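Report on the structure
Spelled out from the first residue to the last, the chains are:
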Amino acid sequence: MSTLSEAYEDLPLDLQHIKPVDFASLEAVPDSHVWHDSSFGACSDEHEKSLVPVIDLEDSNATELIGKACETLGVFQLKNHGIPLSLIEEVKSEAARFFALSARQKLKALRSPGGATGYGIARITPFFSKYMWHEGFTIMGSPVDHVKELWPHDHERFCDVMVNYQKKMKVLAERLTRLIFKSLNISDEEISWLSSTSNDSGSASTVSAALQLNSYPPCPEPNQTMGLAPHTDTFLLTILHQTQTNGLQIFKDGSGWLPVPPVEGALVVNMGDLFHILTNARFPNVLHRVVVSGTQQRLSTAYFYGPPIDFILSPFSKVLNSAQAPHYRSVAVKEYVAIKAQNLEKALSFIRA
Ligand SMILES: O=C(O)CCC(=O)C(=O)O
Ligand SMILES: [Fe+2]
């Protein structure tokens, strides 16, 4: 096995955990989507200064600032990231074009039970008794087979934009990963997979990566439902673009749910489970969720990035001080992906040393 989509083939889902409802036809939140969570309205300090730092990648102190943000909150917003704003706009407008199609049309691009790419609801759905106010389109590699079903004569525009964005995201994710390792005093040479996956040509190992387009339609009763239930991301890091509609929140012990307000032109970067394991829990794998709006659609694009699927990772000996034992055993990326898909937030307890 060498790709992430092959890893998901062994983890098929039931159709009821893939197929979205037709949100446009709903005038109220159906019982299937009602969440009894009193904290939805509690996070109302959107206008206060956000705790999540906004870091300029061109800042001469970027390495230290990013290292500190990874260690404290596990999330930061990134400015001057080098991704052309015109490309981000194109991704957003192609995603909007897709989600604006009728339900009947969108279902033509539905993910298959063992498939990774295509239209569908969140993979975490089976772990909750209620459904979320969310629909998504997952892309691993090229989405061409699915998009041809939607736009037989006009699939190139969507596919080219998504493939191009993934290439640019990979370069940025690599740059951030190197910089984060540098902040931990770990040199590039110590991370064999990073140098062997940097060039696209002839490299046997490919990084694990996926692009997730998310849409949270405006909701008639926003305090009754959840956009995306609390979860941590599985891979090393996630680079997220969000539109100007609020909704993303992170959980901080002692403070509760805190908003991550949209910052024009910035990307949100958060640490996932694999960085948490590699740093022996020094970096939090930040718990996050999305609440919905009564009036506006929220769109977001998440790029998940990790080492090749066969790579075996364990806490870096350099981050362990002499008195400290590793919290986690060695685990192959594909093994962890399977454990996470079957156990969600309990996944880390399965690899505790
Ligand atoms: O829409 C968002 O802001 C969050 C998306 C997310 O957490 C995910 O796709 O894993
Ligand atoms: Fe996430």
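Heads up: the structure comes first, above all this text.
Worth saying up front: this structure is predicted, and the values here are computed from it rather than measured. (Residues numbered from 1 in each chain as written. Chains lettered and ligands numbered in written order. Predicted model: local features only at pLDDT ≥ 70, side-chain atom pairs only at ≥ 80, totals over all residues. Heavy atoms only, no water.)

Once that is clear, we can look at the overall build of the protein. Along its length, the protein carries nine helices and 14 strands. Taking 2.2 N^0.38 as the reference for a compact globule, 353 residues should give roughly 20 Å; the C-alpha atoms of the protein span a radius of gyration of 20 Å, in line with that estimate. Each of the 353 residues in the protein was classed as buried or not, and the buried ones make up 54%. The contacts of the protein with a sequence gap of at least 6 include a subset with a gap of at least 24, amounting to 76%. Carbon and sulfur atoms provide 51% of the accessible area of the protein, an area that totals close to 15400 Å². Distance between charge centres in the protein, computed from 30 positive and 38 negative side chains, equals 1 Å. (Helix = DSSP H or I, 4+ residues; strand = E, 2+ residues; numbered from the N terminus. Rg over C-alpha atoms; globule rule 2.2 N^0.38 Å. Buried < 20%, exposed > 50% of the residue type's maximum accessible area, 1.4 Å probe, protein only. Contact = heavy atoms within 4.5 Å. Areas by Shrake-Rupley, 256 points an atom, 1.4 Å probe, with all protein chains shown as cover. Lys, Arg positive; Asp, Glu negative; His and termini not counted. Charge placed at Lys NZ, Arg CZ, Asp CG, Glu CD.)

Bound to the iron ion (ligand 2) on the protein side are His-231 (NE2), Asp-233 (OD) and His-288 (NE2), at distances that span 2.1 to 2.2 Å. Mapping the donors of the iron ion (ligand 2) onto the primary sequence gives the spacing H-x1-D-x54-H. Pair noted here: His-231 is in strand β6 (residues 228-231) and His-288 is in strand β11 (residues 288-290), with a separation of 57 residues, a long-range link. Pair check on accessibility: His-231 and His-288 agree, each one buried. (Donors = N, O, S within 2.8 Å, 3.2 Å for Na, K, Ca; no water.)

Let's shift gears to the packing of helix α3 (residues 85-99) against helix α6 (residues 156-183). Between α3 and α6, the least distance of the axes is 10 Å, while the angle of their chain directions is 135 degrees. When the axes of α3 and α6 are compared, the pair comes out oblique. For the pair α3 and α6, the sense of crossing is left-handed. Contacts from Leu-87, Ile-88, Glu-90, Val-91, Glu-94, Ala-95, Arg-97 and Phe-98 of α3 reach α6 at Arg-157, Phe-158, Val-161, Met-162, Asn-164, Tyr-165 and Lys-168. Among the residues making up the contact of α3 with α6, the classes are represented as nine nonpolar, one polar and five charged. (Axes fitted to C-alpha atoms, helices over the stretch in contact; angles between N-to-C directions. Parallel < 35°, antiparallel > 145°, perpendicular 65-115°, else oblique. Left-handed = near helix turned anticlockwise from the far one by under 90°. Nonpolar A, V, L, I, M, F, W, Y, C, P; charged D, E, K, R; others polar.)

Turning to the side chain of Arg-298, a few remarks are in order. Position of Arg-298 among the secondary structure elements: in strand β12 (residues 298-306). You can call Arg-298 buried: its relative accessible area is 2%. Reaching out from Arg-298, the side chain makes a polar contact with the side chain of Gln-242 at a distance of 3.0 Å. Apart from residues no more than four positions distant in its own chain, Arg-298 is found in contact with Asn-214, Ser-215, Tyr-216, Leu-240, Gln-242, Thr-243, Thr-245, Asn-246, Gly-247, Leu-248 and Val-290. (Polar contact = N/O pair within 3.5 Å; in protein donor to acceptor, adjacent residues only side chain to side chain.)

The next thing to look at is the packing of aromatic side chains. Within this structure, the stated rule accounts for 14 aromatic pairs. Ring geometry for Phe-181 against Phe-275: centres 5.5 Å apart, planes inclined by 55 degrees, an arrangement best described as tilted. Placement of the pair is Phe-181 in helix α6 and Phe-275 in helix α8 (residues 273-278), with a sequence separation of 94 residues. Here Phe-275 falls in the buried class, since its relative accessible area comes to 0%. Three or more aromatic residues joined by ring pairs make a cluster, and in this case those are Phe-98, Phe-99, Tyr-119, Phe-137, Trp-151 and Phe-158. The ring of Trp-151 carries Arg-97 above its face, with NZ or CZ at 4.0 Å from the centroid. Above the ring of Tyr-8, the side-chain terminus of Arg-123 is found at 4.2 Å from the ring centroid. (Phe/Tyr/Trp six-rings, centres within 6.5 Å; stacked < 30°, edge-to-face > 60°. Lys NZ or Arg CZ within 6 Å of the ring centre and 35° of its normal.)

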